[in-house]
Amino acid sequence: MKEKVYSIKGFDCPGCASNAERHLAEQDTIVSARIDFTNSRLYLTYAEEELDIPELLRLIAEVEEDEVTINEDIDEVKSNLQATCTKLHYPALSCTKLH
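Notes on the structure in this doc start here.

The rules behind the values
Numbering of residues begins from 1 in every chain and follows the order in which that chain's sequence is written. With the structure being a predicted model, the display of local features is reserved for residues of pLDDT at least 70 and the display and counting of side-chain atom pairs for 80 or more, all residues being used for whole-chain, interface and lining totals. The basis for every side-chain value is the complete set of heavy atoms in the structure, and neither hydrogens nor water enter the calculation. Secondary structure elements follow DSSP: runs of H or I of four or more residues count as helices, runs of E of two or more count as strands, with numbering from the N terminus. Buried means the residue's accessible area, taken with a 1.4 Å probe over protein chains only, is under 20% of the maximum for its type, while exposed means over 50%, and partly exposed covers the values in between. Any two residues whose heavy atoms approach within 4.5 Å at even a single point are treated as in contact. The directions from the helix axis to the C-beta atoms are what the arc is built from. As used in this structure description, the phrase polar contact means that two N or O atoms lie within 3.5 Å; if the pair is within protein, one of them must be able to donate a hydrogen and the other to accept it, and residues adjacent in sequence are counted only when both atoms belong to side chains. Every axis in this analysis is a line fitted to C-alpha atoms, fitted for helices over the stretch in contact. Angles between the N-to-C directions lie between 0 and 180 degrees. The handedness criterion is simple: a crossing whose near helix is rotated anticlockwise from the far helix by less than a right angle is left-handed, and one whose near helix is rotated clockwise is right-handed. The nonpolar class holds Ala, Val, Leu, Ile, Met, Phe, Trp, Tyr, Cys and Pro. Asp, Glu, Lys and Arg form the charged class, and all remaining residues, Gly among them, are polar.

**Observations concerning the side chain of Ser-7**
Okay, step 1: Within the secondary structure, Ser-7 is located in strand β1 (residues 2-9).
Okay, step 2: With a relative accessible area of 13%, Ser-7 lands in the buried category.
Okay, step 3: In contact with Ser-7, not counting residues within four places along its chain, are Ser-40, Arg-41, Thr-69, Ile-70, Asn-71, Glu-72 and Asp-73.

Structure representation (structure tokens):
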């Protein structure tokens with residue numbers, strides 16, 4: 001399983017986010033889905049391969065008319081980059097300047 005966090009914006013209300021969350025969770029490739037409406041985050045756990053952002057937007061559009069945008073979560077990107085720097089032992093690369 002693979003967990004992924006996205007930034008998600010554009011829902012008019014928590015109920016709209018909840019509808020999209022339920023629909024995403026019904027997909028065979030998604031083990032669990034949670035949308036944090038307040039913090040604009042989408043948390044997905046995939047069974048195997050992750051879906052790309054256009055596919056996630058298409059699935060949400062099946063149940064919601066709100067114009068939603070999804071982006072890679074910058075905190076997750078920073079964390080992954082920091083882990084890569086540490087793993088590769090790049091002392092000359094200033095991984096601490098990612099914040």
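There's more to say after this.
**Thoughts on helix α2 (residues 53-61)**
Okay, step 1: Those residues of α2 not exposed but buried are Leu-56, Leu-59 and Ile-60. End-on view of α2: buried residues confined to an arc of 100°, all on one side of the axis. Across from the buried face of α2, at angles greater than 90 degrees, the exposed residues are Pro-54 and Ala-61.
Okay, step 2: If you follow the buried residues of α2, they end up packed against β1, α1 (14-25), β2 (30-36), β3 (41-46) and β4 (69-72).
Okay, step 3: Sitting at the head of α2, Asp-52 places a side-chain oxygen 2.9 Å from the backbone nitrogen of Glu-55.

**What to know about the packing of α1 against α2**
Okay, step 1: Between α1 and α2, whose axes approach to 9 Å, the crossing angle comes to 115°. The handedness of the crossing between α1 and α2 comes out as right-handed. Along its contact with α1, which presents Ala-20, His-23 and Leu-24, the element α2 presents Leu-56, Leu-59 and Ile-60.
Okay, step 2: In the contact of α1 with α2, the residues fall into five nonpolar, one polar and no charged.

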